[in-house]
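The primary structure of each chain is shown beneath.
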Amino acid sequence: RHGIALNGQTHDTMLQSYVLDSTAVLHNLDDMAQKFLKLKTIRYEDVAGKGARQIGFEDVPIGPATAYAAEDADVTLRLHQTLWPRLAEQAAPKQVYETLEVPLIGVLQRMEARGIAIDAAELKQQSQALAVEMHRLTGEIHAAAGQPFSPDSPKQLGQILYEVLGLPVKAKTPSGAPSTNEDALEQLADLHPLPALLLQYRSLAKLRNTYTDKLPQLLLPATGRLHTSFHQAVAATGRLSSSDPNLQNIPIRTPEGRRVRRAFVAPPGTVLLAADYSQIELRIMAHLSKDPGLLRAFEQGLDIHTATAAEVFGVAVDAVHRDQRRAAKVINFGLIYGMGAVALAKNLDISRGEAAAYIKRYFERYPGVNAYMLETKQRARAQGYVETVAGRRLYLPDIGSRSGGLAAAAERAAINAPMQGTAADIIKRAMIDLDGWLGEDPDCRMLLQVHDELVFEVRADRLEHYRAGIVERMQRAATLSVPLLVESGSGANWDAAH
């Protein structure tokens, strides 16, 4: 914020470690020093203290501060001298590092510095509405339990579920106690009304604690805006993540969750523009599998879920009804994530036999997808990793595990990672291109990245000019066997831009 631009960055040891193997190590300096240099470093807590007693680095005595800072500089250079030669001899990962990850550093820094405007009054109203609804739900929870208790207390909840109501224990905590986590409650929801009410209560409590109460506290006084932190070296597949706040986890499938996005607003004279890739992972599946049916559906601009429903249920495209399209959508996205008949049956509330028949018909209609999945698993077992279209690698140490569960999870990751990772690579390339095009143009500023979506703050009277340029650059970020499609919307707030 003082007009100083850092130039000359050519390498980043955290990103070198991440591109070499995103799954093998925590990519912070202390852990990398331990792994690659067998060196125990001075940790921040060693010089600044811990918890409530931690002091700011400016208050650390000069002797310990010098030793800590000088060691950081030395270890960073030594890590570079260790990691860069390994990366330099691997052509595709090296290209991912040099053309995607390193150029993205400055892009993310500028996005973080810009921040986004927040309507604190809107969030306060939402918090009050959530509190009212939580109070109402608490009454229903007490009635369902037959007695009052704190729905926020796992211990009290465990006693009610398993001792008072006598519900079966579906899962246990690491200490061996009956679990009250979300998965356990979902498994119990068909047996008694209480678990479903608790799931509703928890979703509202999470919204309130994580967003409506907290976001106003995160506004930076110097700018009056919210500045999230983006992280390049967290998600194994190459996707970006964010924190303070985590914008990837706003539950937009519920009305309450979507309402949170209303508080992300455009200042006077501007609008928010949201542009996102439409069904990008399914398009990547079509590209990778080269299945004629999928390729044809995307090339003809068909609704892919309707087209799949027509194939799976053996009806004409114009005869597909809503439930069939919904089932096809679950199948389309589920198979990308390795969903089997059991999970599909649960999702669609049908028998396991029906679900197995759906999957069988899907693979009969799209044989290229089945062949791609089998081939990908075989390749992963043979080489121990899979790759994105750009050459990013995801190592799968459990692919040959004797544990059926670990091996099955690794196989699911082997199928999904090339698609999710390729989608991540594509949007990163688009962000680098857009940043180069826009520079520090005050009339259009790239603010946020969430999954397959980018959010911009645009001068209202120049909206269509920038919309056209953004969509064009996002769609040309990769050349696949099927068209990339970008959908965009705009409005006074993030929710209205959808």
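This is a predicted model, so every value here is computed, not measured.

### Regarding the nonpolar core
And then number 1: Counting residues in each nonpolar core, the largest one holds 108 residues, and the members touching the most others are F264, Y277, M431, L448, F456, I470 and M474.
And then number 2: By residue number, the principal contributor to this core is helix 18 (residues 404–438), which donates nine residues.
And then number 3: Filtering out sequence-adjacent residues up to four positions away, M431 remains in contact with L104, V107, L108, M111, L240, M446, Q449 and L454.
And then number 4: Counting residues in each nonpolar core, the second largest holds 18 residues, with F36, L79, W84 and L87 among its members.

### So, the pairing of strand 10 (residues 444–450)
And then number 1: Burial runs high along strand 10: six of the seven residues are buried.
And then number 2: Pairing between strand 10 and strand 11 (residues 453–459): six bridges, direction antiparallel. Each residue of the ladder has a partner; that of L448, found in strand 11, is V455.
And then number 3: Counted along the chain from strand 10 to the antiparallel partner strand 11, the turn is two residues long, and its residue H451 has a positive phi close to 55°.

### A few points about the pattern of salt bridges
Oppositely charged side chains are able to pair whenever their charged atoms sit close together.
And then number 1: Inspection of every chain in the model, using the stated rule, returns 29 salt bridges.
And then number 2: In this structure, the salt-bridge partner of E281 is R239, at a minimum N-O distance of 2.7 Å. Note that E281 is positioned in helix 11 (residues 280–289) and R239 in the loop between strand 4 (229–231) and strand 5 (241–243), a separation of 42 residues in sequence. Both residues of the pair, E281 and R239, belong to the buried class.
And then number 3: A salt bridge links R379 to E375; its shortest N-O distance comes to 2.7 Å. Of the two residues, R379 and E375 are both situated in helix 17 (residues 367–383); the distance of four residues between them amounts to about one turn of the helix.

### Considering the packing of aromatic side chains
And then number 1: As enumerated under the stated definition, the model contains ten aromatic pairs in all.
And then number 2: With 6.0 Å between their ring centres and 65° between their planes, Y44 and Y68 make a pair best called edge-to-face. Pair noted here: Y44 is in helix 3 (residues 44–48) and Y68 is in helix 4 (residues 62–88), with a separation of 24 residues, a long-range link.
And then number 3: With 5.7 Å between their ring centres and 45° between their planes, W84 and Y97 make a pair best called tilted. One end of the pair, W84, is in helix 4; the other, Y97, is in helix 5 (residues 91–114), with 13 residues separating them in the sequence.
And then number 4: Following the ring pairs from residue to residue traces out a cluster consisting of Y44, F57 and Y68.
And then number 5: Between R473 and the ring centre of W437, over which it is positioned, the NZ or CZ distance is 4.0 Å.

### Points about the sheet that holds strand 7 (residues 270–277)
Strand pairing within a sheet occurs via backbone hydrogen bonds; the two strands may be parallel or antiparallel.
And then number 1: Spatially, the four strands line up as an open sheet ordered 10-11-7-12, and their pairing is antiparallel. Edge positions in the sheet fall to strand 10 and strand 12 (486–491), since each of these pairs with one other strand and no more. The mean angle between the axes of side-by-side strands here comes to 20°, regardless of whether they run parallel or antiparallel.
And then number 2: In this sheet, strand 11 lies alongside strand 7 in antiparallel orientation, the contact comprising seven bridges. Residue pairing for strand 11: L272 is matched across the bridge by E457.
And then number 3: Sitting on the sheet, helix 19 (residues 463–475) touches strand 7, strand 10, strand 11 and strand 12, and the angle it makes with strand 7 is about 20°.

### Describing unusual backbone geometry
And then number 1: Omega for the bond connecting D244 with P245 falls within 30 degrees of zero, at 5°, which places this linkage in the cis form.
And then number 2: When you line up the elements, P245 lands in the loop between strand 5 and helix 10 (255–260).
And then number 3: We note that K290 has phi near 55°; this positive angle belongs to a residue other than glycine.
And then number 4: Tracing the backbone through its elements, the reader meets K290 in the loop between helix 11 and helix 12 (292–299).
And then number 5: Positioned with a positive phi, H451 is a non-glycine residue whose angle comes to about 55°.
And then number 6: Take H451: it is sitting in the loop between strand 10 and strand 11.
And then number 7: For H451, a relative accessible area of 36% corresponds to the partly exposed category.

### Focus on the side chain of S278
And then number 1: Topologically, S278 is positioned in the loop between strand 7 and helix 11.
And then number 2: Residue S278 is classed as buried on the basis of its relative accessible area of 9%.

### Quick word on helix 13 (residues 304–313)
Two residues of an α-helix separated by three or four positions point the same way, owing to the 3.6 residues in each turn.
And then number 1: Burial analysis of helix 13 places nine of its ten residues in the buried class, the great majority of the element.
And then number 2: Those residues of helix 13 lying buried are I304, H305, T306, A307, T308, A309, A310, V312 and F313.
And then number 3: Contacts made by the buried residues of helix 13 are with helix 11, helix 12, helix 14 (322–336) and helix 16 (352–365).
And then number 4: Where helix 13 ends, the next residue or the one after it, G314, has phi of about 65°, a positive value.

Basis of the calculations
- Residues numbered from 1 in each chain as written.
- Predicted model: local features only at pLDDT ≥ 70, side-chain atom pairs only at ≥ 80, totals over all residues.
- Heavy atoms only, no water.
- Core = buried A, V, L, I, M, F, W, Y, C linked by side-chain atoms within 4.5 Å.
- Buried < 20%, exposed > 50% of the residue type's maximum accessible area, 1.4 Å probe, protein only.
- Helix = DSSP H or I, 4+ residues; strand = E, 2+ residues; numbered from the N terminus.
- Contact = heavy atoms within 4.5 Å.
- Pairing = 2+ DSSP bridges.
- Salt bridge = Lys/Arg side-chain N within 4 Å of Asp/Glu carboxyl O.
- Phe/Tyr/Trp six-rings, centres within 6.5 Å; stacked < 30°, edge-to-face > 60°.
- Lys NZ or Arg CZ within 6 Å of the ring centre and 35° of its normal.
- Axes fitted to C-alpha atoms, helices over the stretch in contact; angles between N-to-C directions.

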